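Chain by chain, the residues:
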Amino acid sequence: MAMIDMEGYCRPISPLATWIGLFRTIAFGTSNWFAKNRIGILGAAMLGIGWVSAYDFYLTIATLSSLPELEQNFVARKIMGLDGDHFDMTRIGLFLGLKFAGNVVVLSVIGMMGMAGSRKVLPVAMGVLGFQVALLYVLCIHTT
């Protein structure tokens, strides 16, 4: 491969330089697309986070009778008091309230970061969405 430079000389191009140029073109093209559609991407990510949270909340309520056998999270078991012999509904209500409050806080912080115009909001939202998708995968394995 060869390329004609600014002075008119024909210089050979290494395969590495070709791949770097291709990567640079893709990176600048996609970053421009992300910049133009930032609000839509952020809204879709927040919607996805909320949907998975709502589904997790629903499954917690729907499987309430078998919750001591299904719940594997150590912190959740301690909050709900599932390690004891009795099944206390007030502790489960406390857990559901804390779970809901945590979801509200996360979505509020992401929304405030987006309204402030922070450049870190998309990586944060995509990271949280990635964990939510992993949670959805785990939830779907146990419900089938």
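Residues numbered from 1 in each chain as written. Predicted model: local features only at pLDDT ≥ 70, side-chain atom pairs only at ≥ 80, totals over all residues. Heavy atoms only, no water.

Novice: I'd like a description of the nonpolar core, backed by residues and values.
Specialist: Counting residues in hydrophobic clusters, the biggest one holds 9 residues: Ile-41, Leu-42, Ala-45, Ile-49, Ile-110, Met-113, Val-121, Leu-122 and Ala-125. Secondary-structure elements contributing two or more residues to this core are helix H2 (38-62), helix H5 (89-116) and helix H6 (121-143). Looking at this core element by element, the count peaks at 4 residues for H2. If we skip the residues at most four places from it in the chain, Ile-49 touches Leu-107, Ile-110, Ala-125, Val-128, Leu-129 and Gln-132. Within the second largest apolar cluster, 8 residues are counted, among which are Leu-67, Met-80, Phe-95 and Leu-96. (Core = buried A, V, L, I, M, F, W, Y, C linked by side-chain atoms within 4.5 Å. Buried < 20%, exposed > 50% of the residue type's maximum accessible area, 1.4 Å probe, protein only. Helix = DSSP H or I, 4+ residues; strand = E, 2+ residues; numbered from the N terminus. Contact = heavy atoms within 4.5 Å.)

Novice: Can you break down the environment of Gln-132 residue by residue, with the values?
Specialist: Structurally, Gln-132 is set in helix H6. A residue is classified by how much of its surface remains accessible, and Gln-132, at 13% relative accessible area, is buried. Between the C-alpha atom of Gln-132 and that of Asp-56, which follows or precedes it by 76 residues, the distance is 9.7 Å. One polar contact links the side chain of Gln-132 to the main-chain carbonyl oxygen of Ile-49, over a distance of 3.3 Å. (Polar contact = N/O pair within 3.5 Å; in protein donor to acceptor, adjacent residues only side chain to side chain.)

Novice: An account of the environment of Leu-67 is requested, with residue identities and associated values reported.
Specialist: Here Leu-67 is to be found in helix H3 (residues 67-70). Along the primary structure Leu-67 and Arg-77 are separated by 10 residues, whereas in three dimensions their C-alpha atoms are 9.3 Å apart. Among residues more than four places away in sequence, those in contact with Leu-67 are Thr-60, Arg-77, Met-80, Leu-82 and Ile-92.

Novice: Provide a residue-level description of the pattern of salt bridges, including the pertinent values.
Specialist: One pass over the structure, following the stated rule, counts 1 salt bridge. The partner of Asp-56 in a salt bridge is Lys-99, and the shortest N-O contact between them spans 3.0 Å. Taken together, the residues Asp-56 in helix H2 and Lys-99 in helix H5 connect sequence positions 43 residues apart. The class of Lys-99 is buried, set by a relative accessible area of 16%. (Salt bridge = Lys/Arg side-chain N within 4 Å of Asp/Glu carboxyl O.)

Novice: Go over the layout of surface pockets with me, naming the residues and quoting the values.
Specialist: In this structure, the largest pocket encloses a volume near 610 Å³. Taken together, 20 residues form the lining of the largest pocket, with Asp-56, Glu-71, Lys-99, Leu-135 and Leu-139 sitting closest to its centre. Elements that contribute at least two residues to the lining of the largest pocket include exactly H2, H3, H5 and H6. A per-element tally of the lining of the largest pocket places H6 first, with 6 residues. Of the residues in the lining of the largest pocket, the class split is 8 nonpolar, 9 polar and 3 charged. (1 Å grid on protein atoms, 1.4 Å probe; cavity = no way out; pocket = protein on both sides within 12 Å on 5 of 7 lines; lining within 4 Å. Points joined across faces, edges and corners; volume = space filled by probe spheres on them. Nonpolar A, V, L, I, M, F, W, Y, C, P; charged D, E, K, R; others polar.)

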